[in-house]
Amino acid sequence: MFPPRNYSASCFLLSLLLLSTFTLSLSQSHSAAKKKRMREKVRQMFYHAYDNYMTHAFPHDELKPLTKSFTDSLSELGNLKLEHLPRDYSGSALTLIESLSSLVIMGNNTEFERAVLWLSENLTFDVDARINLFECNIRVLGGLVSAHLLASDPSKKLFQGAYNNQLLVLAEDLGKRFLPAFNTPTGLPYAWINLKYGVMENETTETSTSGCGSLILEMGALSKLTGDPRYESAALRALRKLWSMQSSLKLFGTTLDVATGQWIEYSSGIGAGVDSFYEYLLKAHILFGKEDFWRMFHSSYIAVQKYFRHGPWYHEADMRTGRATYWQLTSLQAFWPGLQVLMGDIFAANSSHREFFHVWKRFGVLPERYLLDHQMLHPTEKYYPLRPELAESTFYLYQATKDPWYIEVGESIVNSLNLYTKVEGGFASVKDVTTMQLEDHQHSFFLAETCKYLYLLFDDSFMLGSNYIFTTEGHPLPVLNTWHEELPEAYIPTNWTIMKRQAAANRVSAMSLQECPAMTLNSGQHIESCCHISDARSDHRCLTDEDCGVDATTCRRRSCSMAGYCGLWIFI
Ligand code: DMJ
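Please read these numbers as outputs of a predicted model, since none were measured by experiment.

Undergrad: Lay out the overall build of the chain in plain terms, naming residues and giving numbers.
TA: Along its length, the chain carries 16 helices and 24 strands. Burial analysis of the chain (572 residues in total) assigns 60% to the buried set. Pairs at least 24 apart in sequence give 68% of the contacts found in the chain among residues at least 6 apart. In the form shown here, the chain has an accessible surface area of approximately 23,700 Å², with 52% of it arising from carbon and sulfur atoms.

Undergrad: Which residues make up the packing of aromatic side chains, and what values go with them?
TA: Applying the stated rule across the entire model yields 28 aromatic pairs. Aromatic pair Tyr301 and Trp336: ring centres 5.7 Å apart, planes at 15 degrees, arrangement stacked. With Tyr301 in helix H10 (residues 291–307) and Trp336 in helix H11 (residues 336–343), the pair connects residues that are 35 residues apart, well separated along the chain. Residues Tyr301 and Trp336 agree in their burial class; the two are buried. In this structure, Arg320 is placed above the aromatic ring of Tyr266, and the distance from its NZ or CZ to the ring centre is 3.6 Å.

Undergrad: Describe the pattern of salt bridges, and please don't skip the residues or the numbers.
TA: Pairs may arise between side chains of opposite charge once their charged atoms sit close together. Applying the stated criterion across every chain yields a total of 23 salt bridges. Between Arg139 and Glu62 there is a salt bridge, with its nearest N and O atoms 3.6 Å apart. Here Arg139 is found in helix H4 (residues 133–151), whereas its partner Glu62 is found in strand E1 (residues 62–64), with 77 residues between them in sequence. A single burial state applies to Arg139 and to Glu62, both of which are buried. Where Arg177 meets Asp126, a salt bridge forms, and the shortest distance between an N and an O atom there is 3.3 Å. One end of the pair, Arg177, is in helix H5 (residues 166–178); the other, Asp126, is in the loop between helix H3 (109–122) and strand E3 (130–132), and 51 residues separate them in sequence. Residue Arg177 is classed as buried on the basis of its relative accessible area, which comes to 17%. Among the charged side chains, a salt-bridge network with shared partners connects Arg39, Glu40, Arg43 and Asp459.

Undergrad: Quick one: what's the story with helix H14 (residues 405–421), residue by residue and with numbers?
TA: The α-helix winds at 3.6 residues per turn, so residues separated by three or four positions along the chain end up facing the same way. Taking 1.5 Å per residue, 17 residues should reach 24 Å; H14 reaches 24 Å between its end C-alpha atoms and fits that length. Listed in full, the buried residues belonging to H14 are Tyr406, Ile407, Val409, Gly410, Glu411, Ser412, Ile413, Val414, Ser416, Leu417 and Thr421.

Undergrad: So what's going on with the site of the ligand? Residues and values would help.
TA: In the vicinity of the ligand, the contacting residues are Ile138, Leu332, Arg387, Pro388, Glu389, Phe445, Glu449, Thr472 and Glu473. At 2.6 Å from an oxygen atom of the ligand is found a side-chain nitrogen or oxygen belonging to Glu473. When the ligand is considered free in solution it has 300 Å² of accessible area, and contact with the protein chains removes 93% of it. Tallied by class, residues from the shell around the ligand come to four nonpolar, one polar and four charged.

Undergrad: Tell me about the sheet that holds strand E13 (residues 369–371), and please be specific about residues and values.
TA: Spatially, E12-E13-E14 is the arrangement adopted by the three strands of the open sheet, whose pairing is antiparallel. What marks the edges here is a single partner per strand, and that holds for strand E12 (328–330) and strand E14 (376–377). Note: E13 against E14, two bridges, orientation antiparallel. Across the sheet, residue Tyr370 finds its bridge partner in E14, namely Leu377. Against the sheet, helix H12 (residues 346–363) makes contact with E12, E13 and E14, and its axis sits at roughly 80 degrees relative to E12, the strand it touches most.

Undergrad: I'd like a description of the side chain of Thr394, backed by residues and values.
TA: The residue Thr394 is located in helix H13 (residues 389–401) in this model. For Thr394, a relative accessible area of 0% translates into the label buried. Each residue touching Thr394, except ones within four places of it in the same chain, is listed here: His353, Tyr406, Val409, Gly410, Ile413 and Leu457.

Undergrad: So what's going on with the confidence of the model for the chain? Residues and values would help.
TA: When pLDDT is averaged along the chain, the result is 87, and 81% of the positions lie at 70 or above. Contacts of residues 487–491 to residues separated by more than four positions or lying in other chains number 11 contacts, the stretch itself having pLDDT below 50. Taken as a whole, residues 527–538 scores under 50 in pLDDT and shows 39 contacts with residues more than four places along the chain or in a different chain.

Undergrad: Residues and numbers for the packing of helix H2 (residues 94–105) against H3, please.
TA: Direction vectors running N to C along H2 and H3 enclose 150 degrees, while the axes themselves pass 9 Å from each other. Considered as vectors, H2 and H3 are oriented roughly antiparallel to each other. The chirality of how H2 crosses H3 is left-handed. Contact residues: H2 offers Leu96, Ile97, Leu100, Leu103 and Val104, while H3 offers Glu111, Phe112, Ala115, Val116, Trp118 and Leu119.

Undergrad: An account of the side chain of Thr471 is requested, with residue identities and associated values reported.
TA: Among the secondary structure elements, Thr471 is positioned in the loop between strand E19 (468–470) and strand E20 (476–478). With relative accessibility at 0%, the residue Thr471 sits in the buried group. If near-sequence neighbours (up to four positions away) are discounted, Thr471 is found in contact with Leu217, Glu218, Glu279, Tyr280, Lys283, Tyr453 and Leu477.

Undergrad: Which residues make up the sheet that holds strand E5 (residues 206–208), and what are the values?
TA: Taken in spatial order, the three strands make up an open sheet running E5-E6-E7, and their pairing is antiparallel. Both outer strands of the open sheet, E5 and strand E7 (263–265), are each paired with one neighbouring strand and no more. If you compare each strand with its neighbour and ignore which way they point, the axes differ by 35 degrees on average. One ladder, built from three bridges, connects E5 with strand E6 (residues 255–257); its direction is antiparallel. Each residue of the ladder has a partner; that of Ser208, found in E6, is Thr255.

What counts, and at which threshold
- Residues numbered from 1 in each chain as written.
- Predicted model: local features only at pLDDT ≥ 70, side-chain atom pairs only at ≥ 80, totals over all residues.
- Heavy atoms only, no water.
- Helix = DSSP H or I, 4+ residues; strand = E, 2+ residues; numbered from the N terminus.
- Buried < 20%, exposed > 50% of the residue type's maximum accessible area, 1.4 Å probe, protein only.
- Contact = heavy atoms within 4.5 Å.
- Areas by Shrake-Rupley, 256 points an atom, 1.4 Å probe, with all protein chains shown as cover.
- Phe/Tyr/Trp six-rings, centres within 6.5 Å; stacked < 30°, edge-to-face > 60°.
- Lys NZ or Arg CZ within 6 Å of the ring centre and 35° of its normal.
- Salt bridge = Lys/Arg side-chain N within 4 Å of Asp/Glu carboxyl O.
- Expected span 1.5 Å × (residues − 1).
- Near = heavy atom within 4 Å.
- Polar contact = N/O pair within 3.5 Å; in protein donor to acceptor, adjacent residues only side chain to side chain.
- Nonpolar A, V, L, I, M, F, W, Y, C, P; charged D, E, K, R; others polar.
- Pairing = 2+ DSSP bridges.
- Axes fitted to C-alpha atoms, helices over the stretch in contact; angles between N-to-C directions.
- pLDDT = per-residue confidence, 0-100.
- Parallel < 35°, antiparallel > 145°, perpendicular 65-115°, else oblique.
- Left-handed = near helix turned anticlockwise from the far one by under 90°.

Set out below in structure tokens:
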């Protein structure tokens, strides 16, 4: 028998198919092997930082890796002029608290349990130390609340012995010490509070937008866990007041006075002093399931895109006029693409992320401030204090797209950190990115965020089967249906006059001066929003293209990816 005429062609096609299947599975196993290798590299980084902290600094706050000593820095965080430093304060084991959730993510239950027991027996907040409310909230309260939720999750089996809510007891004690800060005519909290004595005499009334607008995740969670509504209520009252202070352009300033409710600094952007305010509007919506937080975020997001965005870059602008003020890239802004992924604007996220990574590659790490208009580094802010924001956005983008390019980015970040910042005694901040001269400080967020996001980029098994939202300090909070409940009437932003006025206003495109035409989908659903994502599903992922609305930058219809995220997938 002769083979069929097209035998050789079939054979060729078959071998081609086999070859490509082989190549595909080879490249898949290649990338799985790479992810495993990288995960181990990050694990080693974390333990190099952690073990050195435990050896040379614990139970003080942070490690000084060059001198293998410590700093009791909780009272110094945000305290640029280092004023009113405590005389008799010997630390709160800040780095240990910040490491708790990372230990769980890396599967070290034994060390987690050991840490929890130590904290429950030794940690006290009854100390004469003036601390920054925002910093203490995101690092300490957030670290404790998150670790408590993990410890009390029976499926995690983190404890050999019994867990008796010790972390929640500590968190509640801290939360109570926060409350006097909110006792102002406006409900906006003081930026500073003494943990033992409350608000100090003649305390400054100046604070920042993020200082009063990013408390709701931790304090809201504390209320849900304790049944005491005071924490959530104080954080919401502050947020409501802040919201009422937005300009007619729906913009916010950077600093304000808590006594008068007047703005001090009218210029703002998406970086320092404001960043986590935007972040918490969206994350509060996800954690507490309230539509109103989404509306607030959505309206602010559009204003940000309209007045701050310039191509893939973001500059600052005056909240009253919308006119550009400072053309600067700052290291903190690099979290924004991650937030854009959460809200489904992946195309825009990807383009900004690429620019941040480009700057990282150029300098080896991300400089604190780069002057876009002069194409040069800021003369005094040339440092890189081991910040996590680029790794964080890379993690989110990889989750959404599974594009192996983000694995390459992660690898490059890991290599730079090891090359430039690793020293015998831990990881040191970079003082000057032009010389790579180091500074004697290992910030606690290096363990809470930088290592965590890099680890999760290469191994996200911690997240399988559960939905988590990460606080601005990288502490995971599970998204629980039981928390998605109605708030008291007075707390619902739609009842606020300002929100009613806004609901009546037209929705416009995120693209400056451009409005996407409203469109009716096949299902009959009418979309006007530039970045609509259906809220029908609790995990905020899409099921079909119809969940995805239109893209903010091009007004083109978006599609739902295989990973369940909305995006402008060119090839679909
Ligand atoms: C962290 O403490 C938090 O991410 C905060 O929101 C701002 N950035 C630092 C780390 O860079």
